[in-house]
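# Descriptive analysis of the structure
As a plain string of letters, each chain reads:
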Amino acid sequence: MSFKEKLILDKIPRHIAIIMDGNGRWAAQFGNERTFGHEHGVESVRSVVEGAGEIGVKYLTLYAFSTENWGRPVEEVNALMSLLVQAISNETDELMKSNVRMQVIGDVKSLPEHVQEKLNWSINKLQNNTGLTLVLALSYSSKWEITEAIRQIAADCKSGIVDPANINSELIDSYMNTSGMPDPELLIRTSGECRVSNFLLWQIAYTELYFTPKLWPDFRKEDLFEAIFDYQHRERRFGKTSQQVVS
Ligand code: IPE
Ligand code: IPE
Ligand code: MG
């Protein structure tokens, strides 16, 4: 029986976040350039987006490029930007057919202009879709996002829009790039690294973490279903006792 058939349908996470890691190591296995791995990673994205849509996931957030990734060799950064534009051009029609919406989190303005234009083109085209929301984290880091949120909250306090006494968790949520989305129930990281690398630190306070040694270009929807199957058999206690949560 496949993992998909084993899933409990009323316990599908609403929001899954993925740190897509291991493209460089995947390419090295074949003696190839790192960009070869990034290119193949697009096939994994396609499969996972399809899989998430099939089982009714509402939000899928993919960490595609971090603030720290700007520090990679300029050729690799350029190749990643070109690949992003190419993938969006090639995949938007299919995303349209699958009723997928698209959103971006991160410092979008730091991306090259032609990348921003392509992203906006696709987001606009898909804006009325009602199925899965595909959230691309681009030039994203959690400390950047939290810093920006604090800056804005401080400005709104100064101008009287926000009373400091009313700052609470919900208000902070509303200043995040992820405003309006549920927090991820499940965070997956491929490639065997067991760290969160500045991703969604505020939003993953109570998220279940799933680490797999598979390298991103080898990851497919069946691996996603396996991760969800694992998640469904965990007990989420939110600080309470086991007895409290089962009763
Ligand atoms: C993930 O794969 C893709 C990005 C971070 C853009 P890597 O490029 O980090 O691959 P490894 O971790 O070096 O194998
Ligand atoms: C995390 O992968 C960022 C993305 C997947 C976009 P990295 O490969 O950049 O992470 P570290 O540096 O190994 O933690
Ligand atoms: Mg990596």
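Source: prediction; values computed, not measured.

## Details of the sheet that holds strand β3 (residues 101–105)
Reading across from one edge, β3-β4-β2-β1-β5-β6 is the order of the six strands in this open sheet, with parallel pairing throughout. Each edge of the open sheet is held by one strand with a lone partner, namely β3 and β6 (208–211). When strand polarity is set aside, the average angle formed by the axes of neighbouring strands in this sheet is 20°. Here seven bridges tie strand β2 (residues 59–66) to strand β4 (residues 133–140), and the two strands are oriented parallel to one another. By the bridge assignment, Y63 is partnered in β4 with A137. On top of the sheet, helix α3 (residues 34–54) reaches β1 (15–19), β2 and β4; it is set at about 160° to β2, its chief contact.

## Structural notes on the site of ligand 1
Taken together, M20, D21, G22, N23, G24, R25, R34, H38, A64, N69, R72 and L80 are the residues near ligand 1. Measuring from an oxygen atom of ligand 1, one finds a backbone N or O atom of G22 at 3.3 Å. Between ligand 1 and the protein, one listed contact pairs an oxygen atom with a side-chain N or O atom of R72 at 2.7 Å. Protein chains shield 86% of the accessible area of ligand 1, which is 380 Å² for the free molecule.

The rules behind each value
Residues numbered from 1 in each chain as written. Chains lettered and ligands numbered in written order. Predicted model: local features only at pLDDT ≥ 70, side-chain atom pairs only at ≥ 80, totals over all residues. Heavy atoms only, no water. Pairing = 2+ DSSP bridges. Helix = DSSP H or I, 4+ residues; strand = E, 2+ residues; numbered from the N terminus. Axes fitted to C-alpha atoms, helices over the stretch in contact; angles between N-to-C directions. Contact = heavy atoms within 4.5 Å. Near = heavy atom within 4 Å. Polar contact = N/O pair within 3.5 Å; in protein donor to acceptor, adjacent residues only side chain to side chain. Areas by Shrake-Rupley, 256 points an atom, 1.4 Å probe, with all protein chains shown as cover.

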